Amino acid sequence: MNHNLYKILYENFKLDLDKICIEIPDYKKLSFKDLDILSAHFASFLYDLGLKKGDRMICQIDKSLSAIGLYLACLRMGVIYTPLNTSYTNDEVEYFIKNIEPKLFFSKPKLDDDFENMCSKLDVPFFKTIGTKDNDPVLIEILSMDPLNIFENCNDQDVAAILFTSGTTGKSKGAMITHGNLSSNALALKEIWGFTNEDVLLHALPIFHVHGLFVALNTALLSASKIIFLEKFKIDDVIENLAKSTVMMGVPTYYNRLVNEEVFGEKVYKNMRLFISGSAPLTEKTFKEFKKKTNHSILERYGMTETGMITSNPLDGDRIKGTVGFPLPKVKIRATKEGKILSEDEKGVIEVKGPNVFNGYWRMKEKTKEEFTEDGFFITGDVGQIDKTGRLTLSGRSSDMIISGGFNVYPKEIEIILNTIPGIKESAIIGVKHSDLGESPIAILVRDSKEQEISDNDITDVLNGKLAKFKIPKSFIWIDKLPVNAMGKVQKKNLRIKYEKILL
Ligand code: MCA
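The rules we used
- Residues numbered from 1 in each chain as written.
- Predicted model: local features only at pLDDT ≥ 70, side-chain atom pairs only at ≥ 80, totals over all residues.
- Heavy atoms only, no water.
- Near = heavy atom within 4 Å.
- Polar contact = N/O pair within 3.5 Å; in protein donor to acceptor, adjacent residues only side chain to side chain.
- Helix = DSSP H or I, 4+ residues; strand = E, 2+ residues; numbered from the N terminus.
- Nonpolar A, V, L, I, M, F, W, Y, C, P; charged D, E, K, R; others polar.
- Contact = heavy atoms within 4.5 Å.
- Axes fitted to C-alpha atoms, helices over the stretch in contact; angles between N-to-C directions.
- Parallel < 35°, antiparallel > 145°, perpendicular 65-115°, else oblique.
- Left-handed = near helix turned anticlockwise from the far one by under 90°.
- Phe/Tyr/Trp six-rings, centres within 6.5 Å; stacked < 30°, edge-to-face > 60°.
- Buried < 20%, exposed > 50% of the residue type's maximum accessible area, 1.4 Å probe, protein only.
- Lys NZ or Arg CZ within 6 Å of the ring centre and 35° of its normal.
- Pairing = 2+ DSSP bridges.

**Q** Honestly, the site of the ligand in this entry has me stumped. Any pointers?
**A** Around the ligand sit 25 residues in total, of which Tyr 254, Arg 257, Ser 279, Arg 301 and Ser 404 are the nearest. At 2.7 Å, a side-chain N or O of Ser 279 approaches an oxygen atom of the ligand. Those elements giving two or more residues to the shell around the ligand turn out to be helix H8 (210–222), helix H10 (252–259) and strand S13 (299–304). Of the residues in the shell around the ligand, the class split is 11 nonpolar, nine polar and five charged.

**Q** Quick question: what am I supposed to make of the side chain of Asp 55 here?
**A** Its location among the elements puts Asp 55 in the loop between helix H2 (32–48) and strand S3 (56–60). If sequence neighbours within four positions are ignored, Asp 55 has contacts with Gly 50, Val 79, Ile 80 and Lys 103.

**Q** Explanation requested: the packing of H10 against helix H12 (residues 284–294) in the structure shown.
**A** Between H10 and H12, whose axes approach to 10 Å, the crossing angle comes to 45°. If you check the angle between H10 and H12, you find them oblique. Judged by the sense of rotation from one axis to the other, the crossing of H10 with H12 is left-handed. Every residue of H12 that contacts H10 at Tyr 255, Asn 256, Leu 258 and Val 259 is listed here: Thr 286, Glu 289, Phe 290 and Lys 293. Here the residues of the contact of H10 with H12 are counted per class, giving four nonpolar, two polar and two charged.

**Q** For this particular structure, what's the right way to read the packing of aromatic side chains?
**A** Between two aromatic rings, the relevant description is the distance of the centres plus the angle of the planes. What the rule picks out here adds up to 28 aromatic pairs. Considering the side-chain rings of Tyr 10 and Phe 13, the 5.5 Å spacing of their centres and the 75° angle between planes classify their relative orientation as edge-to-face. Linking Tyr 10 with Phe 13, this pair stays in helix H1 (residues 5–13), spanning three residues, or about one helical turn. Neither Tyr 10 nor Phe 13 differs from the other in exposure class; each is buried. Ring centres of Phe 115 and Phe 127 lie 6.4 Å apart, and the angle between their planes is 65°; on these two criteria the pair is classed as edge-to-face. Taken together, the residues Phe 115 in helix H5 (residues 114–121) and Phe 127 in strand S6 (residues 126–129) connect sequence positions 12 residues apart. Take Phe 115 and Phe 127: they sit in the same class, and that class is buried. By the ring-pair criterion, three or more aromatic residues cluster together here, those being Tyr 6, Tyr 10, Phe 13, Phe 32 and Phe 151. Here the guanidinium or amino end of Lys 63 rests over the ring plane of Phe 229, the centre of that ring lying 4.8 Å away. Sitting above the plane of the Phe 377 ring, Arg 334 keeps its charged end 3.7 Å from the centroid.

**Q** What exactly am I supposed to notice about unusual backbone geometry here?
**A** Among all residues except glycine, the phi angle is most often negative; among peptide bonds, the trans geometry is most common. Even without glycine at this site, Asp 26 takes up a positive phi of about 55°. By the element assignment, Asp 26 lies in the loop between strand S1 (20–24) and strand S2 (28–31). The exposure class assigned to Asp 26 is exposed, which follows from its relative accessible area of 78%. Even without being glycine, Asp 123 reaches a positive phi, approximately 55°. Here Asp 123 shows up in the loop between H5 and S6.

**Q** Got a minute to help me understand the sheet that holds strand S11 (residues 247–250) in this structure?
**A** Hydrogen bonds along the backbone pair up the strands of a sheet, which may run parallel or antiparallel. Taken in spatial order, the nine strands make up an open sheet running S2-S1-S10-S9-S11-S12-S13-S14-S15, and their pairing is mixed. Pairing within the sheet leaves two strands with one partner each, and these edge strands are S2 and strand S15 (326–327). In the sheet, strand S9 (residues 200–203) pairs with S11 via two bridges, with the strands oriented parallel. Directly across from Leu 201, in S11, lies its bridge partner Val 247. Contacting S1 and S2, H2 runs over the sheet at an angle of about 85° to S2. On the sheet, H10 packs against S11 and strand S12 (274–277) and is oriented at approximately 115° with respect to S11.

Below is the structure:
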């Protein structure tokens, strides 16, 4: 059997080839057959460049049909797909290219030739750009080629994609996600969320992360559901298209914004059967307000880049606010403390095992080993407890990661840069409450009295050149001394308590 994910998706939607697969409102509709041909054109383009199974391709392109065509083409060729957040700076992109050593780097059209120079400096064999318009020259070239109807033979363990996630060290790690990880997760989600070819998924998420690319796209394609494909989350577009949809996936910020919209009324959600939330904790306030307004209980689920989806609240059954439900079929979870497996309701670090768990971090064997137990459980770093029915409630993270509007922000990555800036002696990045984004990073700084004072704007300018916007601290607080414990470790918990409401 060919475990190529694209082959599995195709086998599931080939009975609906003439059905509309993707609708871009007021612009274009693609059938499943059109989508299959589009991906075959992109496969032909990759093949023509000499890419083959196991080669890597990095792209930093805008959400578009071309981005989907490229993703599916990589799957069908067995080429390893690495998408990058479109707000990553050149510095961040350079790190990823050095780490992955792709054969091809695809970017959105640029006004400068920074990426061209970067690719030649880093010996990337091919650099291409592609935009989102029909008259894009590279798209026209690709569509002029004979489609390549390839289904490269893959097994479950073959790597389909490498997505970057960071951690306490501050340097991003490439999570190797296999065809088997993706197919097992998509099949499980189709089953537990009741996806069918009658469904219409409203897709407003970016497609450079797990949520929008795998959880939303793969599950919908596998189910031959229709996708209403929005360029991004814009409240008016969402309101306008919800009436034509049956399912929506989003981060909590999407639901906070919707529930506060006057026009978000019965006419808008009349055809909706399911609202799914993830990537960040859904507040009980949003859950309650949403239920009060729509009588829909948002279904919260829990996952990670390294594991795809781990648990979900039930479709039929109690969706208890503040919990993330039960493990997916074939997925096992446990709570542990210092290596001891805890019993029910005891708080500990959550570990997971199953066909959804990734293959490790790209070229980081030692780091990978640290993240798995002797008996093969992945240590998530999240803290929670499992009750006697097996339901998981998360209560925090053992790392000090911040989730801002669904994007993960790693303090270390920012602190490393701050500590190189003259005028800053020490820094601590903490997450504080944000009414729209859930959490936001702020910087607690100690001046270096030996240096000239530096302004907050100057600090922001330095950071803007190196980090994506969503990572930039929303506020800078100067204090005399960072609180540390006997080991000299910064007491971030005390800082969070002290400044938790500073942005509200
Ligand atoms: C945009 N901005 C942000 C964020 N997004 N700042 C902080 N946090 C953010 N998340 C900044 C932009 O840089 C810009 O800054 C300004 O806000 C306006 O940009 P815009 O795009 O209009 O912002 P927005 O519409 O308010 O976007 C907020 C958003 C968006 C809609 C919540 O961030 C979003 O779609 N988030 C989804 C993230 C996601 O897909 N997460 C899944 C990760 P300036 O104006 O200065 O340029 S996968 C995952 O977490 C796991 C595996 C899982 O379980 O799903």
